[in-house]
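# Observations on the model geometry
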Amino acid sequence: MTAPSSAPRGEHTPRPGARWETELQWTGEQLADDIAPAPRPNRATRRAAARRTKPRTA
């Protein structure tokens, strides 16, 4: 195991293009469609529901 250095490294300027420069943009609101059917549950959910309704055998 090594001990901390007594001479800490200074900060450096990153090379050009290495930083993430993001700009927030408003994309508008997305409203939920009340008429659309509910999405179908995934396979794991369907299998869990089937296990719950299946009678237990001892």
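Anything mentioned here points back to the structure above.
Residues numbered from 1 in each chain as written. Predicted model: local features only at pLDDT ≥ 70, side-chain atom pairs only at ≥ 80, totals over all residues. Heavy atoms only, no water.

Time to look at the overall build of the protein. When you go through the protein residue by residue, the secondary structure sums to one helix and zero strands. Within the span of the protein, comprising 58 residues, buried residues form 0% of the whole. (Helix = DSSP H or I, 4+ residues; strand = E, 2+ residues; numbered from the N terminus. Buried < 20%, exposed > 50% of the residue type's maximum accessible area, 1.4 Å probe, protein only.)

Residues Arg40, Arg43, Arg46, Arg47 and Arg51 make up a contiguous surface patch of positive charge. Within the secondary structure layout, Arg47 lies in helix α1 (residues 43–53). According to the relative accessible area criterion, Arg47 is partly exposed, its value standing at 45%. (Patch = residues over 30% accessible without salt bridge, like charges linked within 9 Å, V, L, I, M, F, W, Y side chains within 5 Å. Areas by Shrake-Rupley, 256 points an atom, 1.4 Å probe, with all protein chains shown as cover. Salt bridge = Lys/Arg side-chain N within 4 Å of Asp/Glu carboxyl O. Lys, Arg positive; Asp, Glu negative; His and termini not counted. Charge placed at Lys NZ, Arg CZ, Asp CG, Glu CD.)

Note that Arg46 resides in helix α1. With a relative accessible area of 33%, Arg46 lands in the partly exposed category. The contact partners of Arg46, leaving out residues within four places of it in the chain, are Arg40 and Pro41. Here the side chain of Arg46 touches Pro41 through a polar contact of 2.9 Å, landing on its backbone oxygen. (Contact = heavy atoms within 4.5 Å. Polar contact = N/O pair within 3.5 Å; in protein donor to acceptor, adjacent residues only side chain to side chain.)

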